[in-house]
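Residues per chain are reported as follows:
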Amino acid sequence: MLDYAAFPGQRQDLIRQILQENGRVVCAELAIRMNVSEHTIRRDLHELSKEGFCKKVYGGAVLQLPDAGNFFTREQKNSAKKDSIAQKAATLIKAGGCIFIDTGTTNLALAKALPADLSITVVTNSPAIAAELLRHPLCEVIMTGGQIQRASGGAVGATAANQIQGIIFDQAFIGGCAMDPDMGLTGFDFADCEFKKAVIAQSNQSIVALTMDKLPGVARFVVAKSRDIDVLVVEEGMDKDVLEAFTAQDVRIVCA
């Protein structure tokens, strides 16, 4: 058996591997597995966090996810999984209401999944989503204005934020780059994250639909704590411990 106490490089390699596989690590569990002290593990996590590989949280660390690129690059990734999650998320929409659909490729799949006979008002900051919603004859479409951000594919500036201040949403489908039970919903762009916060503040119910590669994980800027998200729509097969951790934060889990 490898003496992890004597080989910090191999110890940190194993921690990287576990983070890649599970999205998070717990200091106490790593200390037992490697037969080293928790202080040693915390020191390793400190080094890995300086590399930008993880984010330290209470009792352990969470995988720091890389920026996924621009809207059109992301649209081609995990498309089948996004479609499945989007179809499940669409069943949560209440007819006759006013909802917000945030920019994002999973939310674009949601717009495509809306039933043709659904009568609803949809506000969006995404031109791609607005164009898709025009295919639905009973869907009233309202689009926020302002400069379109290439990375997110949506309008997230002051003009868009001011427009939503006059609307109360029954439901808001919020996009995100990563989510963790302790750190909450996070993203890579500050302006985009600030806009999402404003939408959540105007909504009676906040719903997030994410593929498995974003759970658990953390990006750069916090959008909302987990307890501020009402529903999380995920793929079947998610780690049970992770789902239970979200449930403990009063997040309702819906599996596609």
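In this report, the structure presented in the accompanying data block is examined.

Now for helix α6 (residues 105-113). The element α6 is largely enclosed, with a buried count of seven among its nine residues. Regarding α6, the residues found buried are Thr105, Thr106, Asn107, Leu108, Ala109, Leu110 and Ala111.

Applying the stated rule across the entire model yields three aromatic pairs. Measuring from centroid to centroid gives 6.0 Å for Phe100 and Phe195, while their planes differ by 55°, and the two rings are tilted. Highlighted residues: Phe100 in strand β4 (residues 98-101) and Phe195 in helix α9 (residues 190-201), separated in sequence by 95 residues. The exposure classification of Phe100 matches that of Phe195, with both residues buried.

Here seven strands make up an open sheet; going across it, the order is β6-β5-β4-β9-β12-β14-β15 and the pairing parallel. Looking at the sheet topology across the chains shown, the edges are occupied by β6 (139-143) and β15 (252-255). The sheet shows a mean angle of 20° between the axes of neighbouring strands, taken without regard to direction. Relative to β15, strand β14 (residues 231-234) runs parallel, the two being bridged by four bridges. Considered in β15, the bridge of Val233 is made with Val254.

One number sums up the size of the second largest pocket: a volume of about 300 Å³. Asn22, Arg24, Val25, Val26 and Glu29 are, among the 13 residues lining the second largest pocket, the residues nearest its centre. Of all the elements in the fold, those that place two or more residues in the lining of the second largest pocket are α1 (8-22), β1 (24-26), α2 (27-34) and α10 (240-248).

Before going further, it helps to examine the sheet that holds β1. Taken together, three strands build an open sheet; the order of strands is β1-β3-β2 and the sheet is antiparallel. Each having just a single partner strand, β1 and β2 (54-57) make up the two edges of the open sheet. Neighbour-to-neighbour, the strand axes of this sheet turn through a mean angle of 20°, independent of strand direction. Here β1 pairs with strand β3 (residues 60-63) via three bridges, running antiparallel. Looking at the pairing, Arg24 lines up with Val62 of β3. The sheet contacts of α1 involve β1, β2 and β3, and relative to β1 the element is tilted by about 125°. This element, α2, spans β1 and β3 of the sheet and lies at about 70° to β1.

Per the counting criterion, the structure on display carries eleven salt bridges. In this structure, the salt-bridge partner of Asp180 is Arg24, at a minimum N-O distance of 2.6 Å. Residue Asp180 is located in strand β10 (residues 178-180), and its partner Arg24 is located in strand β1; the two are separated by 156 residues in the primary sequence. Given the relative accessible area of 0%, Asp180 is considered buried. Judged by its relative accessible area of 22%, Arg24 is partly exposed.

Rules and cut-offs
- Residues numbered from 1 in each chain as written.
- Predicted model: local features only at pLDDT ≥ 70, side-chain atom pairs only at ≥ 80, totals over all residues.
- Heavy atoms only, no water.
- Buried < 20%, exposed > 50% of the residue type's maximum accessible area, 1.4 Å probe, protein only.
- Helix = DSSP H or I, 4+ residues; strand = E, 2+ residues; numbered from the N terminus.
- Phe/Tyr/Trp six-rings, centres within 6.5 Å; stacked < 30°, edge-to-face > 60°.
- Pairing = 2+ DSSP bridges.
- Axes fitted to C-alpha atoms, helices over the stretch in contact; angles between N-to-C directions.
- 1 Å grid on protein atoms, 1.4 Å probe; cavity = no way out; pocket = protein on both sides within 12 Å on 5 of 7 lines; lining within 4 Å.
- Points joined across faces, edges and corners; volume = space filled by probe spheres on them.
- Contact = heavy atoms within 4.5 Å.
- Salt bridge = Lys/Arg side-chain N within 4 Å of Asp/Glu carboxyl O.

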